Every structure is written in structure tokens, then in C-alpha cells.
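These are the residues of each chain, in order.
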Amino acid sequence: MANPDKLDEIFRLQQQLNLRIGVDTTNLTDEERQKWVLNYCRAMTQEIAELTDSVPWKWWAKYQKFDKQNARVEVIDLLHFLVSIAQVLEMGPADFSEAYAKKHQVNVARQDSGYHTKDEHDSKHI
């Protein structure tokens, strides 16, 4: 592969990393899938807290500085776990990209319509 698709490469690298740490997302039972979705959600919650701590959010503390470099690293940590969740849910790069594009269309349509009421059915096709 001279120049692989970037999303394909991200998914491939994440699968390798997961296997290296002992998590095979390809042959999970439904119970194991639920466990790993929850594990990865919890990990993402921690990464979001670390991202939040990269930004001066304590309005009473004058010593804080924006740590852009660390914020960027935390975003990538979030992506690691997000891709892992996608893999647990049996999504590959094409599935992920297609679902993103469809959800993007829903979000644009919501904005165009003023998004005054929630419609639980507008995302059922994704």
C-alpha cells in the first residue's frame, strides 16, 4: 500500500493496537460488545476531562494557560477510543464514513428547518 486511505489506515492501526493489548473486537459476543462499548465510553469520558484541563476553565484561577499541544493529543486519544467503539460495533472505515455523511445531512437539514422539535426518526436510516 503506497498511499493508503487515511481513514482505512487509522482503523487498521487501531485494530493492531487493540490486538496488541489483548482486545480482539472482531469476534465478540453481544455481552462482550456491551462491555467494551462501556469501557471505551468511560475511557473517552476521562480523555474529555483531560482535554478540558488543557483549556483554562477555572475563571477564578489566574495561573492557567491554554495547552494547545496537550489538547491536540487528547483529541487523538479520543479518536483512538472512538474508532475502537466503531470496531466493537462492527463498523469499518467505509461504514464509519457513510454514517458520518448521512448524519451530517440530517444535521444540515435540522439547521435548515430551524430544529425546533426533536424528531427521533430522522436518523433511523443511518
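Look up: the structure comes first, before these words.
It should be emphasised that the depicted structure is a prediction, and the values quoted were computed from it without experimental measurement.

Caption draft 1: Structural view of the overall build of the protein. On a plain count of helices and strands, the protein comes out with four helices and zero strands. In the protein, the order of α-helices and β-strands from amino to carboxyl end is α-α-α-α. Here the C-alpha atoms of the protein give a radius of gyration of 18 Å, more than 25% beyond the 14 Å that 2.2 N^0.38 yields for 126 residues. Its C-alpha atoms put the protein at 50 × 45 × 40 Å along the principal axes. Approximately 9500 Å² of the protein is accessible, and the part contributed by carbon and sulfur atoms is 57%. The distance from the centre of the 16 positive side-chain charges to the centre of the 20 negative ones in the protein is 7 Å.

Caption draft 2: View of the packing of helix 2 (residues 30-52) against helix 3 (residues 68-88). Packing of helix 2 against helix 3 brings their axes to within 9 Å, and their N-to-C directions diverge by 170 degrees. The orientation of helix 2 with respect to helix 3, classified from their angle, is roughly antiparallel. Contact residues: helix 2 offers Arg33, Trp36, Val37, Tyr40, Cys41, Ala43, Met44, Glu47, Ile48, Glu50 and Leu51, while helix 3 offers Asn70, Ala71, Glu74, Val75, Asp77, Leu78, Phe81, Leu82, Ser84, Ile85, Gln87 and Val88.

Caption draft 3: Representation of unusual backbone geometry. In this structure, glutamate 90 is a non-glycine residue whose phi angle is positive, near 65 degrees. Residue placement: glutamate 90 occurs in the loop between helix 3 and helix 4 (93-113).

Caption draft 4: Quick peek at helix 1 (residues 6-20). Counted at 1.5 Å a residue, the expected span for helix 1 with its 15 residues is 21 Å, and the 21 Å between its end C-alpha atoms agrees. Residues of helix 1 that are buried include every one of Phe11, Gln14 and Asn18, and no others. Down the axis of helix 1, the buried side of the element spans an arc of 65 degrees, and every buried residue falls inside it. Away from its buried face, by an angle of more than 90 degrees, helix 1 presents the exposed residues Lys6 and Arg20. On its buried face, helix 1 sits against helix 2, helix 3 and helix 4. Measuring from the side-chain oxygen of the N-cap residue of helix 1 to the backbone nitrogen of leucine 7 gives 3.0 Å; that N-cap residue is aspartate 5.

Rules of the game
- Residues numbered from 1 in each chain as written.
- Predicted model: local features only at pLDDT ≥ 70, side-chain atom pairs only at ≥ 80, totals over all residues.
- Heavy atoms only, no water.
- Helix = DSSP H or I, 4+ residues; strand = E, 2+ residues; numbered from the N terminus.
- Rg over C-alpha atoms; globule rule 2.2 N^0.38 Å.
- Areas by Shrake-Rupley, 256 points an atom, 1.4 Å probe, with all protein chains shown as cover.
- Lys, Arg positive; Asp, Glu negative; His and termini not counted.
- Charge placed at Lys NZ, Arg CZ, Asp CG, Glu CD.
- Axes fitted to C-alpha atoms, helices over the stretch in contact; angles between N-to-C directions.
- Parallel < 35°, antiparallel > 145°, perpendicular 65-115°, else oblique.
- Contact = heavy atoms within 4.5 Å.
- Expected span 1.5 Å × (residues − 1).
- Buried < 20%, exposed > 50% of the residue type's maximum accessible area, 1.4 Å probe, protein only.
- Arc of directions from axis to C-beta.
- Polar contact = N/O pair within 3.5 Å; in protein donor to acceptor, adjacent residues only side chain to side chain.

By themselves, these are just geometric observations and shouldn't be taken as functional.
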